[in-house]
Amino acid sequence: MRKRPEIGVGQLVLQIAFPEGAASNGTGETEVDGLEASGGSSAARSKPERKRKWYSLIDKVYALPNLHAAWEKVKANGGAAGVDGVTVKAFGEGVEARLQQLSDDLRRKTYRPQPVRRVYIPKSGGGKRPLGIPTVRDRVVQQAMRQILEPIFEGKFSNRSHGFRPERGCATALEVVDRAIRHGYQWVVDADIQAFFDSVDHTKLLAAVNEEIADGSVLRLIAQMLEAGVVEPETSETEPAELGTPQGGPISPLLANIYLHVFDQEITQGGYGLVRYADDFVIFARSQSEAAAAKALAQEILEGRLGLRLHPEKTRVVSVDEGFEFLGFHYYRDPVTGQRCKEVRRKSVRSFGNAIRERTPRLKTQRWVKPRNVTLGDLGKNRRLAETIQKLNRYLRGWHWYFKTAVLRYEPPFGSFDGFVRRRVRAAITGRVGSGWWNQRITNGMLRELGLLSLVELQRQYQQGLLEAPARKG
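Here goes a summary of the coordinates provided. (Residues numbered from 1 in each chain as written. Predicted model: local features only at pLDDT ≥ 70, side-chain atom pairs only at ≥ 80, totals over all residues. Heavy atoms only, no water.)

### Observations concerning the pattern of salt bridges
Here's step 1: Applying the stated criterion across every chain yields a total of 19 salt bridges.
Here's step 2: Across the salt bridge formed by Arg-107 and Asp-104, the nearest N and O atoms sit 3.3 Å from each other. Residue Arg-107 and its partner Asp-104 are both found in helix α6 (residues 95-108); the two are separated by three residues, about one turn of the helix.
Here's step 3: A residue is classified by how much of its surface remains accessible, and Arg-107, at 42% relative accessible area, is partly exposed.
Here's step 4: Taking the shortest distance from any N to any O, the salt bridge between Glu-175 and Arg-179 comes out at 2.6 Å. Taken as a pair, Glu-175 and Arg-179 lie in helix α8 (residues 170-182) at a separation of four residues, close to a single helical turn. (Salt bridge = Lys/Arg side-chain N within 4 Å of Asp/Glu carboxyl O. Helix = DSSP H or I, 4+ residues; strand = E, 2+ residues; numbered from the N terminus. Buried < 20%, exposed > 50% of the residue type's maximum accessible area, 1.4 Å probe, protein only.)

### Examining the packing of helix α7 (residues 136-154) against helix α11 (residues 216-226)
The axes of two packed helices give the description: the angle between them and the distance between them.
Here's step 1: Orientation of α7 relative to α11, taken along the N-to-C sense of each, is 135°, at an axis distance of 12 Å. Taken together, the axes of α7 and α11 are oblique relative to one another. In this structure, α7 crosses over α11, and the sense of that crossing is left-handed. For the pair α7 and α11, contact is made by Val-141, Gln-142, Met-145 and Leu-149 and by Val-218, Leu-221, Ile-222 and Met-225, respectively.
Here's step 2: Of the residues assigned to the contact of α7 with α11, the class counts are seven nonpolar, one polar and no charged. (Axes fitted to C-alpha atoms, helices over the stretch in contact; angles between N-to-C directions. Parallel < 35°, antiparallel > 145°, perpendicular 65-115°, else oblique. Left-handed = near helix turned anticlockwise from the far one by under 90°. Contact = heavy atoms within 4.5 Å. Nonpolar A, V, L, I, M, F, W, Y, C, P; charged D, E, K, R; others polar.)

### Let's talk about the sheet that holds strand β6 (residues 230-231)
Adjacent strands of a sheet pair through backbone hydrogen bonds, lying either parallel or antiparallel.
Here's step 1: Strand order in the open sheet formed by four strands is β4-β3-β6-β7, with mixed pairing between adjacent strands. Both edges of this open sheet fall to β4 (128-133) and β7 (238-239), since each of them pairs with a single strand only. (Pairing = 2+ DSSP bridges.)

### Details of unusual backbone geometry
Here's step 1: Backbone geometry places Lys-109, a non-glycine residue, at a positive phi of 65°.
Here's step 2: Locating Lys-109 in the fold gives a position in the loop between α6 and β3 (116-122).
Here's step 3: In this structure Lys-109 comes out as partly exposed when scored by relative accessible area, which is 47%.

### Things to note about the side chain of Asp-264
Here's step 1: Along the chain, Asp-264 falls in helix α12 (residues 252-269).
Here's step 2: Relative accessible area serves as the criterion here: at 1%, Asp-264 is assigned to the buried category.
Here's step 3: Within the structure, the side chain of Asp-264 is placed 2.8 Å from the side chain of Arg-276, a separation counted as a polar contact.
Here's step 4: In this view, Asp-264 contacts Ser-158, Ser-161, Leu-274 and Arg-276; residues no more than four positions away in its chain are not counted. (Polar contact = N/O pair within 3.5 Å; in protein donor to acceptor, adjacent residues only side chain to side chain.)

### Some thoughts on the pairing of strand β9 (residues 280-285)
Two faces make up the sheet, and in a regular strand the side chains alternate between them.
Here's step 1: Taken across its six residues, β9 has five buried, putting it largely inside the fold.
Here's step 2: In this sheet, β9 lies alongside strand β5 (residues 187-190) in antiparallel orientation, the contact comprising four bridges. Note that in β9 the partner of Val-189 across the bridge is Ile-283.
Here's step 3: Direction of pairing for strand β8 (residues 273-277) relative to β9: antiparallel, over a ladder of five bridges. Residue Val-275 lies in a different strand from β9, and its bridge partner there is Val-282.
Here's step 4: Between β8 and β9, which pair antiparallel in sequence order, lie two residues; one of them, Ala-278, sits at a positive phi of approximately 55°.

### Thoughts on helix α13 (residues 288-305)
Here's step 1: For α13, with 18 residues, the first-to-last C-alpha span of 25 Å sits near the 26 Å given by 1.5 Å per residue.
Here's step 2: Every buried residue belonging to α13 is among Ala-291, Ala-294, Leu-297, Ala-298, Ile-301 and Leu-302, and all of these are buried. Along the long axis of α13, the arc covered by the buried residues comes to 120°, so they all point the same way. Of the residues in α13, the exposed ones pointing more than 90 degrees away from the buried face are Ser-289, Glu-300 and Gly-304. (Expected span 1.5 Å × (residues − 1). Arc of directions from axis to C-beta.)

### A look at the packing of aromatic side chains
Here's step 1: Per the counting criterion, the structure on display carries 21 aromatic pairs.
Here's step 2: Taken together, a centroid distance of 4.9 Å and an interplanar angle of 45° make the contact between Trp-399 and Phe-417 tilted. Of this pair, Trp-399 sits in helix α16 (residues 383-403) while Phe-417 sits in helix α17 (residues 415-430); the two residues are 18 residues apart in sequence, bridging distant segments of the chain.
Here's step 3: When its relative accessible area of 7% is taken as the criterion, Trp-399 is described as buried.
Here's step 4: Take Phe-417: its relative accessible area is 8%, and that puts it in the buried class.
Here's step 5: On the basis of an interplanar angle of 80° and a centroid distance of 6.1 Å, the ring pair of Trp-401 and Tyr-462 is categorised as edge-to-face. Linking Trp-401 in helix α16 with Tyr-462 in helix α20 (residues 455-463), this pair joins segments that are 61 residues apart in sequence.
Here's step 6: According to the relative accessible area criterion, Tyr-462 is partly exposed, its value standing at 28%.
Here's step 7: The rings of Tyr-185, Phe-284, Phe-324, Phe-329, Tyr-331, Phe-352, Tyr-395, Trp-399, Tyr-402, Phe-403, Phe-414 and Phe-417 are connected pair by pair, giving a single aromatic cluster.
Here's step 8: It is Lys-342 that lies over the ring of Phe-329; its NZ or CZ is 4.5 Å from the centre. (Phe/Tyr/Trp six-rings, centres within 6.5 Å; stacked < 30°, edge-to-face > 60°. Lys NZ or Arg CZ within 6 Å of the ring centre and 35° of its normal.)

Set out below in structure tokens:
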């Protein structure tokens, strides 16, 4: 077996053990821009784990430069106020004194996190997802903690984990999935952990943190964050938090990766091709029986050791040709053409539609527009329309950049999405249904002249190498 190459910063490692001979034969396909193919199932971890523990870290957490850096992150991310009602803007007024007080409270061990404010946001597939919003003050402390702990745990995390990690993300996870399919993996465990963030066992999580961190002050602070409780909407009572880590706090993704690290280790040591993004994962296998064994092992680790539960209806062993979903995409083989497709999944299509509707409202007070007033010159002077198109373009750029690797059965690849956007813009202009006769009056060319982006055109530019990644907030 050849010696495994060292991994440089920013490099993406293909984390699946290819069939014998496939890795070498597919070198040109997998070694792109410094990307290396894994040499075998022994690549279970990104780096060897340290034997030492970290005993004194709390002073680094409450150091003022660290708190200042944490505040800048919190300010850039924005977000709503917590239970105390203090907004990010209000916290920024007199921030020096606030950070000094935080540093003093942490040093004296008098700091106590407040309960998180529970909010519920709609899920694209129906239902609502709970989020916990810590106070701005507590978000600063969580971010300060994350900045100290994250580099320590990055030294042990598996290459199979892509969620909320430096130099990794959805794009790297999806690239590994694409490569696995190209290299002939035929079966997949399509899995869903049920209510992961509500089910994390505090004792098990703190034990996992304690494997690297021996500073009692840090461990106590994490326990206080976990046990701070939740204030539900329209109530003033605090519900205790005996399980779970609230989604919405800066440290929550790191704690999730720490909790699931043992899962990454044991699945990869079993020789299976795992790709995980936070609590969402797929496992690749070469046969149906191997995939079934991988599913059984995953269930044993998650349910038997971590106290989690795989969703009985959303976890299955399925062939790649039959189709599976991961991170917003639907992978399958077209039964007519035999083409492997990677399309935007239905839930993501619904989310797209909802996002466009939110950005193209028809006002209740809006008067119906007379056709003779709908000219390019008049529309170009409409400030509300210009703001609407600006908001749409920001969203369309980011959405396209995420889904740009789609492989669809039809051409142009995003034509139906463009049509929906244009109908919504016409409806926002006229106060009526944006189709039929209005297609002739407000033409696609007019909307293009007004600056509305086209996903089809963005895709053409991307395929020709003319498109750069959109700027990210913060």
